[in-house]
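The residues making up each chain are set out below.
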Amino acid sequence: MGLNADPELNPSAFPPKALSRMGGAFLFSFSLASVSLLPLEAAAERAHSKSADVRTETLRLDGLEGPAQIRIDRWGVPHITASTHYDAFFIQGFNAARDRLWQIDLWRRRGLGLLSEVLGESYVEQDRAARLFLYRGDMYREWLAYGNDAKRITEAFVAGINAYVALTESEPDRLPPEFGLLDYRPARWHAEDVVRIRSHGLLRNVVQEVQRARLICAGGLELAAAWKRLEPDWKMAIPDGLDPCKVPATVLNDYLLATAPVSFRQPDQAVAVAQTLALAADTGSNNWVVAPSRTTTGRPILANDPHRAHGVPSLRYAAHLKAPGLHVIGAGEPALPGISIGHNDRIAFGLTIFPVDQEDLYFYPREGAGYRWRGAIEKVQVIEDHIPVRGRAAVKVEHRFTRHGPVVFADDGLLWAVRAAWLEPGMAPYFGSVEYMRATEWRTFSAALNRWGAPSENQVYADVDGNIGYKAAGLTPRRATWDGLLPVPGDGRHEWEGFIDMDHLPTEFNPARGFTGTANSMNLPDTYDIARFRLGFEWSAPWRYRRLWQELSADNRHSLDASTRMQRDYHELLADEVLARIPDLKSYDAAGELLSGWDRVLARDSAAGALWAVWFYHHLTPAVARALGGDNAALLEPLDPWTVIDALDGKFPKLDRRTILRSSLEAAWATCEQKLGADPLQWRWGDLHRASFVHPLHAHADQQLCKHMNLPSLPRGGSTNTLNNTTFGNADFLVRSGASWRMVLDVGDWDAARMTNAPGQSGDPRSPFYGNLLEGWANDSDFPLLWSDAAIDAHTVHIIHLAPVSSD
């Protein structure tokens, strides 16, 4: 969340200086004539030519300790060499700003609640909400929670960002065009900005608590159970004191605003956008690692492809850092120092979400200016704040807190507050990677993960000595009196009793089977004591995880190519499960005939795949929801695929299975004819299922800039349930999220590493690296992730020499 902006723009949301007005009509334009394409455009024609001259430049930077260098390869990956350990992070910050300045500036403003300062008063409410969820604890404890030098690393990183901001002030041609479109300039950073912002992580499960309460109010526990299968098997109960029908529908509006991306539509739409994202999120990623005994190379092979919302620019950014005591490459978020997915010279690592429940919603009967906790009245803490607003005086707001956390809703009778583990010290999302990326073996790697807070992760590991491992990590509340699935009274009956020790989360080192892997689905061992350690019951669907283990179990000679093929795999195991339950499938006319001959591969050129996706996701699943929920069917969105399978298995007696199958197949066939034509031989899933990377401001730039901003819409295969994850929404079939970053490593033969990062490394539309990786990504290709100096030098297209200001 947070790094990518909404792709539409509302003119009224912006300050007058950003706009040109002609006779009252709105005109939002920006000419490239006012922003020189140097130094970016000059490299465009030769960026893909090995034989072209290498472009060089030299810069002197205040704050740099010694000479340094950035070599940018032909795919846009920066390879940073520094004289000192902390200079590497200084240059990482400088370089992140060089490629992603508008993105990270927007990230900082959204997170700190400073949008109104540059975008105007329409964003005051989002700023207020964001400030409500800032980390407000002790900074001494905060910094030490990540490691001994986390503060020093971050100070160097933001000093590098600020050095680039200063450079744009003396050389304005370097400023990305978005700043001109919105008529503001980038701000300076402080180290604490990086860790005080918490609302950009993957969060859970307070939105689901409210939705579950609404379902219980509408149709009882049975309807809530149909919405989402709980794993391990668990019987939900309504906590004492909760009336599900008294949970306000808008109780989480402040929470949703605080965690929403920046919307350039009417800002009040941000809540609806965030609500949809939170409920639809089947948070996905894949990772796996294979032991040398099962590989063709005799070395471990590690693969990782985290799945997040697609955007321009990409959420992740690849970089290579080399300095005394540091040599690491891979991807991270551009606003953070370090590398969270990649390898150093000894170990490799990759992550997926391990869906621990890290949030709870509390409610309190109001008692004057406070609330009752364990028999005594406690006052609500009030913090006064002032939000700067462009073009007018600052707006005074008040933030309220109970002992559990920020108050997000209040009426005449009740207060509602969110308690979130991610507001504890040491919980800045992904920042903990600054420690584990420098580990050298399993002991130090797993020790670093014992301090990992958020988001909760499955980490896979491999090293050059041939070891492999897996470890779950994350701050996990201990709930003894309830299961975390519904809101609870905040009167002291339902308190976190500390946190579950990391030793009680799954881990394995050199498993006898010779491989391990995760995909966000339920992976607790059968013997796990879930009644004692109630870490969470809401997992992703199992189909990717099953496919991953199916493939690895069958392959005792695993190769690098085999891992890349798995990342491109479009076999939909969910279709196997569903269609196996319809033995008379061919009797359902032409639709049944087409599906019965399908190989279950959701390829972009598949006609049967198009019919399957249209039928299962847009017709069969909604039909089951209507049959189960009646007038409340909308509350069941998104309905768990397991519920559809249960319906086909006859577990809901009131549901007429055959009628639903026939009517939904007929409707799906009609939809395909409408959208794809009358001839089913010409149907292609990729004609419906396309990936579009839309710059948030592209429609409002002039023709020349728009030409650089626009990226082609490309056909894709897959779905949310294929290993090659290409999730789409309920309204259409357009790709919303998936694996923009992929990585496959032959551990120890580092130059053999492969990666993708769609649409490209740069966020500047003038750069040759803005969309250069998109077509290869869409065609399921990949690119080198270079490590050795020889390999880097052979593919370098741009070198930036850096020196301290005081250097001779």
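So, how was this worked out
Residues numbered from 1 in each chain as written. Predicted model: local features only at pLDDT ≥ 70, side-chain atom pairs only at ≥ 80, totals over all residues. Heavy atoms only, no water. Helix = DSSP H or I, 4+ residues; strand = E, 2+ residues; numbered from the N terminus. Buried < 20%, exposed > 50% of the residue type's maximum accessible area, 1.4 Å probe, protein only. Contact = heavy atoms within 4.5 Å. Areas by Shrake-Rupley, 256 points an atom, 1.4 Å probe, with all protein chains shown as cover. Lys, Arg positive; Asp, Glu negative; His and termini not counted. Charge placed at Lys NZ, Arg CZ, Asp CG, Glu CD. Polar contact = N/O pair within 3.5 Å; in protein donor to acceptor, adjacent residues only side chain to side chain. Pairing = 2+ DSSP bridges. Axes fitted to C-alpha atoms, helices over the stretch in contact; angles between N-to-C directions. Parallel < 35°, antiparallel > 145°, perpendicular 65-115°, else oblique. Left-handed = near helix turned anticlockwise from the far one by under 90°. Nonpolar A, V, L, I, M, F, W, Y, C, P; charged D, E, K, R; others polar. Phe/Tyr/Trp six-rings, centres within 6.5 Å; stacked < 30°, edge-to-face > 60°. pLDDT = per-residue confidence, 0-100. Salt bridge = Lys/Arg side-chain N within 4 Å of Asp/Glu carboxyl O.

Participant: Before we go on, may I ask you to explain the overall build of the chain in this structure?
Facilitator: Helix and strand content of the chain: 23 helices and 34 strands. With respect to the principal axes defined by its C-alpha atoms, the chain has extents near 85 × 65 × 65 Å. Here the chain holds 808 residues, and the buried ones make up 64% of them. Taking the contacts inside the chain whose residues are at least 6 apart along the sequence as the reference set, 74% of them involve residues at least 24 apart. Per element, the accessible surface of the chain, about 28,500 Å² overall, is 49% carbon and sulfur. Between the averaged position of the 83 positive side-chain charges in the chain and that of its 99 negative side-chain charges there is a distance of 1 Å.

Participant: Would you mind going over the side chain of N304 with me for this structure?
Facilitator: Secondary-structure assignment places N304 in strand β7 (residues 301-306). At 2.9 Å, the side chain of N304 and the backbone nitrogen of L351 are in polar contact. Other than its neighbours up to four places away in sequence, N304 contacts N286, N287, I341, G350, L351, T352, Q567, W741, R742 and M743.

Participant: Whenever I open this one, the pairing of strand β18 (residues 407-410) confuses me. Can you help?
Facilitator: Sheet faces and side chains relate simply in a regular strand, where the side chains alternate between the two faces. Where β18 lies against strand β19 (residues 414-420), three bridges are found, and the strand directions are antiparallel. Looking across to β19, one finds that A410 is bridged to L415. Hairpin remark: β18 followed by β19, antiparallel, with three residues in the connecting loop.

Participant: Would you mind going over the environment of N523 with me for this structure?
Facilitator: With respect to the element layout, N523 can be found in the loop between β26 (515-518) and α13 (543-553). Put simply, N523 and T564 are 41 residues apart on the chain and 23 Å apart in space, counted from C-alpha to C-alpha. In terms of polar contacts, N523 uses its side chain to reach the side chain of Y470, at 3.2 Å.

Participant: How do you make sense of the sheet that holds β26 when you look at a structure like this?
Facilitator: Across a sheet, paired strands are connected by hydrogen bonds in the backbone, their directions being either parallel or antiparallel. Read across the open sheet, the six strands follow the order β26-β6-β7-β31-β32-β33; overall the sheet is antiparallel. Lying at the two open borders of the sheet, with one neighbouring strand each, are β26 and β33 (783-784). When strand β32 (residues 754-757) meets β33, the two strands line up antiparallel, connected through two bridges. Within β33, the residue paired with R754 across the bridge is P784.

Participant: It is not clear to me how the packing of helix α1 (residues 85-112) against helix α5 (residues 150-170) should be interpreted in this structure. Could you clarify?
Facilitator: Where α1 meets α5, the closest approach of the two axes is 7 Å, and the angle between their N-to-C directions is 50°. In terms of axis orientation, α1 runs oblique to α5. Like other packed secondary-structure pairs, α1 and α5 cross with a definite hand, here right-handed. On α5, the residues touching Y86, F89, F90, Q92, G93, F94, A97, R98, L101 and I104 of α1 are R152, I153, A156, F157, A159, G160, I161, A163, Y164, V165, L167 and T168. For the contact of α1 with α5, the class distribution of residues is 16 nonpolar, four polar and two charged.

Participant: Help me understand unusual backbone geometry in this model?
Facilitator: Here the bond from E231 into P232 is cis, since omega is -15°, no more than 30 degrees from zero. On the secondary structure map, P232 appears in the loop between α8 (206-227) and α9 (253-259). At the junction of E637 and P638, the peptide bond is cis and its omega measures out at -5° in the coordinates. Position of P638 among the secondary structure elements: in the loop between α17 (607-629) and α18 (641-648). Look at Y430: it is not a glycine, yet its phi comes out positive at around 70°. Mapping Y430 onto the fold places it in the loop between β19 and α11 (433-436). On the basis of relative accessibility, which here comes to 5%, the residue Y430 falls in the buried class. Non-glycine residue D589 carries a positive phi angle of around 55°. Within the secondary structure layout, D589 lies in helix α16 (residues 589-596). Of the residues examined, D589 reaches a relative accessible area of 46% and is grouped as partly exposed.

Participant: Would you take a moment to explain the side chain of H689 for this structure?
Facilitator: In this structure, H689 sits in the loop between α20 (685-688) and β27 (690-691). Among the polar contacts made by the side chain of H689, one reaches the side chain of T726 at a distance of 2.8 Å. Of the polar contacts made by the side chain of H689, one reaches the backbone oxygen of F733; its length is 2.7 Å. Those residues in contact with H689, other than ones at most four positions away along the chain, are L714, P715, R716, G717, G718, T726, F728, F733 and V735.

Participant: Please clarify how the packing of aromatic side chains should be interpreted in this entry.
Facilitator: Geometry of an aromatic ring pair is reported as the spacing of the ring centres plus the angle between the planes. Across all of its chains, the model carries 39 aromatic pairs by this definition. Measuring from ring centre to ring centre gives 5.8 Å for F133 and Y255, while their planes differ by 80°; the resulting arrangement is edge-to-face. One end of the pair, F133, is in the loop between α3 (124-132) and α4 (139-144); the other, Y255, is in helix α9, with 122 residues separating them in the sequence. Accessibility classification places F133 together with Y255 in one group, the buried group. Centre to centre, the rings of Y436 and W452 are 5.7 Å apart; their planes meet at 45°, and the pair counts as tilted. Linking Y436 in helix α11 with W452 in the loop between α12 (442-449) and β20 (457-463), this pair joins segments that are 16 residues apart in sequence. Assessed through its relative accessible area of 0%, Y436 is described here as buried.

Participant: Explanation requested: the environment of I216 in the structure shown.
Facilitator: By secondary structure assignment, the location of I216 is in helix α8. In this structure, the C-alpha to C-alpha distance between I216 and T564, residues 348 residues apart in sequence, is 44 Å. Once residues lying within four places of it in the same chain are set aside, the contact partners of I216 are L221, A224, I238, P244 and L486.

Participant: Mind showing me how you'd approach the confidence of the model for the chain here?
Facilitator: Parts of the model with low pLDDT should not have their predicted coordinates read in detail. For the chain, per-residue confidence averages 91 on the pLDDT scale, and 91% of positions sit at 70 or higher. In the predicted structure, residues 1-51 sits below a pLDDT of 50 and forms 133 contacts with residues beyond four places in sequence or in another chain.

Participant: Which parts of the structure should I look at to understand the sheet that holds strand β12 (residues 347-353)?
Facilitator: Sheet architecture is open: 11 strands sit in the order β3-β34-β4-β5-β9-β10-β11-β12-β20-β21-β25, paired in mixed fashion. Bordering the open sheet on either side are β3 (55-61) and β25 (507-509), each of which pairs with just one other strand. The mean inter-strand angle of the sheet, taken between neighbouring strand axes irrespective of direction, is 15°. Pairing of strand β10 (residues 326-332) with strand β11 (residues 341-344), which is carried by four bridges, proceeds in the antiparallel orientation. Bridged to G330 within β11 is G342.

Participant: What am I meant to see in the packing of α17 against α18 here?
Facilitator: Relative orientation and spacing of two packed helices are given, respectively, by the angle between their axes and the distance between those axes. Axis separation between α17 and α18 bottoms out at 10 Å; the angle between their running directions is 70°. Between α17 and α18, the interaxial angle falls into the category roughly perpendicular. Along its contact with α17, which presents F616, L620, T621, V624 and L628, the element α18 presents P641, T643, V644 and A647. The residue makeup of the contact of α17 with α18, split by class, is seven nonpolar, two polar and no charged.

Participant: Is there a simple way to explain the pattern of salt bridges in this structure?
Facilitator: Within the structure shown, the criterion is met by 52 salt bridges. A salt bridge links E142 to R198; its shortest N-O distance comes to 2.8 Å. Separated by 56 residues along the polypeptide, E142 in helix α4 and R198 in the loop between α7 (191-196) and α8 bring together distant segments of the chain. The class for E142 is buried, based on a relative accessible area of 0%. We note a salt bridge from R766 to D764, for which the minimum N-O separation is 2.5 Å. Grouping residues by exposure puts R766 and D764 together as buried. Three or more residues are tied together by salt bridges with common partners; here these are R55, E57, E171 and R174.

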